[in-house]
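Descriptive structure summary
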Amino acid sequence: MASTDPEKTAYDNGGSPASLDRNHHAHIIKEDCLRRSLSARQVQMIAIGGTIGTGLFLGTGKALATGGPASLLLCYAIVGGIVFVTMLSLGEMAAFVPVAGSFCTFAGRYCDDAFGFALTWNYWFNDAVSTAADLVALQLLVQYWTDDFPWYALGIIVWVLIVLANIINVKAYGELEYWLSLLKVVTIIIFIILSIAVNAGGNQGYGYIGGKFWTQGDAPFVGGVGGFASVFVTASFAYGGTESIAITAGETRDPARVLPRVVKNVFWRILLFYILSALMIGLNIPYDYPGLNTKSSRTSPFTIAFQMAGSKAAGSYVNAVVITSVISAGNHALYAGTRLLYTLGANGHAPKVLTKLTRYQVPWVAVITTSVVSIVLFSLSFAGSGQVWTWLQNLVGVSNQLSWICIGIASLRFRAGLKAQGKEHLLPFRNWTYPWGPILCVVLNIFIVLVQGWSSFSPEFSGVDFVSYYIELPIFVLMIIGWKLVKRTKFRRASEMDLETDVYTKEDIEPEEKGWGRKAKRIGTWFCF
């Protein structure tokens with residue numbers, strides 16, 4: 001039996017996970033072998049850091065130029081709603097089975113092992129490519145200041161930094177991610193306050209702005225249906241990665257209590273940051289501002305707002321924040337990819353050697369493997385004309401949307417299993433939107449997947465673009481069929497689902513402090529202190 005200390009894990013004599021005794025109840029363990037060292041403070045901030053990136057800092061400018069201020073605001077609000085429903089569905093499952101495989105594990109346990117196999121490999125490759133993409137983006141951002149810096153130098157330096165943060169122990173990863181994310185959050189808060197002042201007249205040369213840019217030219221909707229669809233796609237990518245917070249579940253202290261709070265609180269903060277930012281950008285910056293659609297730090301809406309307020313060093317400051325944002329995104333992508341590769345090994349979808357842990361219970365083989373793949377992809381990005389790199393990025397382009405669809409399907413199957421086995425009363429957290437929430441999640445995310453390749457149809461059809469946007473869908477289906485044929489997997493019946501392994505119930509929630517200390521701690525955690 002293991003100690004009840006959440007930072008310790010039990011092993012039998014063969015080195016495999018043994019049954020863990022939590023609060024005197026026997027639990028079967030399969031994936032729950034990682035050290036639970038991430039605090040509520042770190043997990044809250046990691047959840048924000050995983051979603052606020054270049055999509056907000058640079059992508060919003062192009063979205064405004066393409067669709068206008070109304071499209072920008074509406075699309076971010078609609079996708080925000082979809083993400084909220086998706087996260088409630090995921091939070092319910094992750095609080096009950098808090099493992100590093102998260103929604104990938106749930107797809108295998110509650111639907112079909114072949115489904116879990118295809119989704120986990122797909123999402124792992126997405127994380128490896130994302131890590132490499134972030135390393136490539138660093139060089140483009142450094143060109144803001146100089147062209148003399150070697151293209152490979154900064155990428156390799158940052159790669160070494162994030163590999164060390166991920167291989168030392170999970171606390172090192174959590175702390176690095178916390179401070180990188182905090183800088184982004186502070187920047188957005190300053191931006192919103194400044195934007196209100198700029199709109200009210202505290203600017204250079206514009207006077208009182210109000211809502212005049214919403215009626216200028218073709219505003220508020222620019223480019224018709226095509227413009228709106230393109231912004232919808234931009235917004236869905238900007239929110240992409242929200243689901244990966246559940247991957248930290250396998251290393252979060254007191255997950256049955258912390259994860260539901262994280263899911264509920266993070267939604268409001270993301271909505272606050274994204275929707276308020278989108279509103280202020282649309283109010284203060286005209287859609288036809290010169291160079292707005294270049295996705296450069298020089299013409300980032302954040303840079304423009306700081307310049308309107310009179311800051312001369314605005315471009316350099318925003319560029320520096322975007323660089324830390326990219327490092328944060330790369331750090332998070334490597335972490336998520338590592339934990340999914342560990343999950344693949346634990347579930348028999350990859351060699352068992354990938355489950356080897358250090359004495360701090362970090363899956364070091366998975367860290368090294370994912371790191372090597374990402375640095376190889378990083379070097380590939382500079383080979384030839386870059387066409388290989390474009391295809392690689394498009395290949396995983398719908399990964400986020402596919403995972404959202406799978407979360408909805410797994411949620412419906414999960415609840416069916418709980419009902420069939422009479423275990424609904426054990427849930428630490430209930431998704432109050434069930435059953436319409438997960439159904440809406442599946443339907444709307446299928447819609448996003450279908451419209452995300454809009455540019456391949458407009459203004460004229462492009463066969464090459466069409467294939468690059470949608471090729472991942474048949475590959476995903478083929479992986480499911482292939483594994484199903486090889487392993488003869490069967491669809492999980494509700495009455496036969498595994499609702500015992502790695503489970504945390506209401507009884508496993510750790511005792512909480514009482515009185516003013518508890519209230520102060522909860523308020524501090526909400527603000528990520």
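Chains are numbered independently. Their residues run from 1 in the order of the written sequence. This being a predicted model, a pLDDT of at least 70 is required before a residue's local features are given, and a value of 80 or more before pairs of side-chain atoms are given or counted; all residues contribute to the totals for chains, interfaces and linings. Each side-chain value is worked out from all heavy atoms of the structure, with water and hydrogens disregarded.

1. Some points on the overall build of the protein chain
- Secondary structure summary: the protein chain contains 18 helices and two strands in total.
- Note on contacts: a residue pair is in contact if any heavy atoms of the two residues lie within 4.5 Å. Nonlocal contacts in the protein chain, meaning residues at least 24 apart in sequence, comprise 81% of its contacts between residues at least 6 apart.
- Note on areas: Shrake-Rupley, 1.4 Å probe, and residue coverage restricted to the protein chains presented here. Carbon and sulfur atoms make up 65% of the accessible area of the protein chain, which amounts to about 21,100 Å² in all. In DSSP terms, a helix is any run of H or I states spanning at least four residues, a strand is any run of E spanning at least two, and both are numbered starting from the N terminus.

2. Looking at empty space enclosed by the protein
- The method works on a 1 Å grid over the protein atoms by themselves. A cavity is a set of points holding a 1.4 Å probe that cannot get out, a pocket is an open set with protein on both sides within 12 Å along at least five of seven lines, and residues with an atom within 4 Å of a point line them. Grid points are joined across faces, edges and corners, and a volume is the space filled by probe spheres set on the points. Across all of its chains, the model carries three cavities of 30 Å³ or more by this definition.
- There is about 40 Å³ of room inside the second largest cavity.
- Lining the second largest cavity are Met 87, Leu 90, Gly 91, Ala 94, Ile 245, Ala 246, Leu 259, Val 262 and Val 263.
- Elements supplying a minimum of two residues to the lining of the second largest cavity: helix H3 (59-96) and helix H9 (255-284).
- It is H3 that provides the largest number of residues to the lining of the second largest cavity, a total of four residues.
- For this classification, the nonpolar set comprises Ala, Val, Leu, Ile, Met, Phe, Trp, Tyr, Cys and Pro, the charged set comprises Asp, Glu, Lys and Arg, and every other residue, Gly included, is treated as polar. Its residues placed into classes, the lining of the second largest cavity shows eight nonpolar, one polar and no charged.

3. Considering unusual backbone geometry
- Following Ala 219, the chain continues to Pro 220 via a peptide bond in cis, the omega torsion being 10 degrees.
- With respect to the secondary-structure elements, Pro 220 resides in the loop between helix H7 (170-199) and helix H8 (224-238).
- Residue Pro 435 is reached from Tyr 434 by a cis peptide bond, and omega for that bond is 5 degrees.
- Looking at the secondary structure, you find Pro 435 in the loop between helix H14 (399-420) and helix H15 (436-451).
- We note that Arg 488 has phi near 55 degrees; this positive angle belongs to a residue other than glycine.
- Backbone geometry places Asp 502, a non-glycine residue, at a positive phi of 60 degrees.
- Residue placement: Asp 502 occurs in the loop between helix H17 (472-487) and helix H18 (516-526).

4. Quick notes on the environment of Lys 264
- Summarising the element assignment, Lys 264 is placed in helix H9.
- A 1.4 Å probe rolled over the protein chains alone gives each residue an accessible area, and that area as a share of the maximum for its type sets the label: buried under 20%, exposed over 50%, partly exposed in between. The partly exposed category is assigned to Lys 264, whose relative accessible area is 39%.
- Along the primary structure Lys 264 and Leu 88 are separated by 176 residues, whereas in three dimensions their C-alpha atoms are 7.5 Å apart.

5. A look at the side chain of Thr 338
- Secondary-structure assignment places Thr 338 in helix H11 (residues 314-346).
- Beyond its immediate sequence surroundings of up to four residues, Thr 338 is in contact with Pro 363, Ala 366, Val 367 and Thr 370.

6. Things to note about helix H1 (residues 40-49)
- Buried residues dominate H1, accounting for eight of its 10 residues.
- Taken together, the buried positions of H1 are occupied by Gln 42, Val 43, Gln 44, Met 45, Ile 46, Ala 47, Ile 48 and Gly 49.

7. Notes on the confidence of the model for the protein chain
- Residue-level confidence of the predictor is summarised by pLDDT, bounded by 0 at the bottom and 100 at the top. Summing up the model confidence of the protein chain, the mean pLDDT is 82 and the portion of residues at 70 or higher is 86%.
- Looking over the protein chain, one finds the lowest element-wise mean pLDDT in strand S1 (residues 20-22), namely 41, and the highest in H17, namely 93.
- The model gives residues 1-26 a pLDDT under 50, and that stretch makes 57 contacts with residues more than four places away or in other chains.

8. Description of the pattern of salt bridges
- Each reported salt bridge corresponds to a side-chain nitrogen of Lys or Arg within 4 Å of a carboxyl oxygen of Asp or Glu. Scanning all chains against the criterion turns up eight salt bridges.
- Of the charged contacts, one joins Arg 415 and Glu 92 as a salt bridge, the two residues approaching to 2.7 Å between their closest N and O atoms. With a gap of 323 residues between them, Arg 415 in helix H14 and Glu 92 in helix H3 connect regions that are remote in the sequence. Residue Arg 415 shares its accessibility class with Glu 92, and that shared class is buried.
- Close ionic contact of Asp 112 with Lys 484 constitutes a salt bridge, the shortest N to O distance being 2.5 Å. Highlighted residues: Asp 112 in the loop between helix H4 (102-110) and helix H5 (113-142) and Lys 484 in helix H17, separated in sequence by 372 residues.
- Owing to a relative accessible area of 7%, Asp 112 belongs among the buried residues under this scheme.
- Using a relative accessible area of 32% as the deciding quantity, one classes Lys 484 as partly exposed.
- Linked by salt bridges that have partners in common, Glu 92, Arg 415 and Glu 424 make up one network.

9. Quick word on the environment of Leu 73
- When you line up the elements, Leu 73 lands in helix H3.
- Apart from the residues within four sequence positions on either side, Leu 73 is in contact with Trp 214, Ile 275, Ala 278 and Leu 279.

10. Details of the packing of H3 against H14
- The contact between H3 and H14 brings their axes to 9 Å, and the two run at 50 degrees. By the angle between their directions, the pair H3 and H14 is classed as oblique. Here H3 runs over H14; the crossing is left-handed. Only Trp 404, Ile 407, Ala 410, Ser 411, Phe 414, Arg 415 and Leu 418 of H14 make contact with H3, whose side of the interface consists of Val 83, Thr 86, Ser 89, Leu 90, Glu 92, Met 93 and Phe 96. Fitting a line to C-alpha atoms yields each axis, with helices limited to the stretch in contact; the angle taken between N-to-C directions then spans 0 to 180 degrees. In these notes the angle categories are as follows: under 35 degrees is roughly parallel, over 145 is roughly antiparallel, 65 to 115 is roughly perpendicular, and the rest is oblique. Here a crossing is taken to be left-handed if its near helix is turned anticlockwise relative to the far helix by less than a right angle, and right-handed if that turn runs clockwise.

11. Notes on the packing of H5 against H14
- Here H5 crosses H14 at 150 degrees, and the two axes come no closer than 10 Å. Of the possible angle classes, the one that applies to H5 and H14 is roughly antiparallel. Like other packed secondary-structure pairs, H5 and H14 cross with a definite hand, here left-handed. Together, Phe 115, Leu 119, Asn 122, Tyr 123 and Asn 126 of H5 and Ser 399, Asn 400, Leu 402, Ser 403, Cys 406 and Ile 409 of H14 make up the contact between the two elements.

12. Structural notes on H14
- Taking 1.5 Å as the rise per residue, H14 with 22 residues should run 32 Å; its terminal C-alpha atoms sit 31 Å apart, in good agreement.
- Burial runs high along H14: 17 of the 22 residues are buried.
- With its phi angle positive at about 65 degrees, Gly 422 sits one or two positions after the end of H14. A helix is expected to span 1.5 Å multiplied by its residue count minus one.

13. Points about the packing of aromatic side chains
- Side-chain rings of Phe, Tyr and Trp, where Trp is taken by its six-membered ring, are said to pair if the distance between their centres is within 6.5 Å; with planes under 30 degrees apart they count as stacked, over 60 as edge-to-face, and otherwise as tilted. Overall, the coordinates contain 23 aromatic pairs when judged by the stated rule.
- Here Tyr 110 and Phe 414 contribute two aromatic rings whose centre-to-centre distance is 5.1 Å and whose plane-to-plane angle is 45 degrees, an arrangement assigned as tilted. Pair noted here: Tyr 110 is in helix H4 and Phe 414 is in helix H14, with a separation of 304 residues, a long-range link.
- Judged by relative accessible area, Tyr 110 falls into the buried class, the value being 0%.
- Judged by relative accessible area, which is 0%, Phe 414 ranks as buried.

14. Concerning the side chain of Thr 120
- Examined against the element boundaries, Thr 120 turns out to sit in helix H5.
- For Thr 120, a relative accessible area of 3% corresponds to the buried category.
- Here the side chain of Thr 120 touches Gly 116 through a polar contact of 2.6 Å, landing on its backbone oxygen.
- The residues contacting Thr 120, other than those within four sequence positions of it, are Cys 104, Leu 340 and Leu 344. By the criterion applied in these results, polar contacts are pairs of N or O atoms within 3.5 Å in which, for protein atoms, one can donate a hydrogen and the other can accept it, and in which residues neighboring in sequence qualify only through two side-chain atoms.

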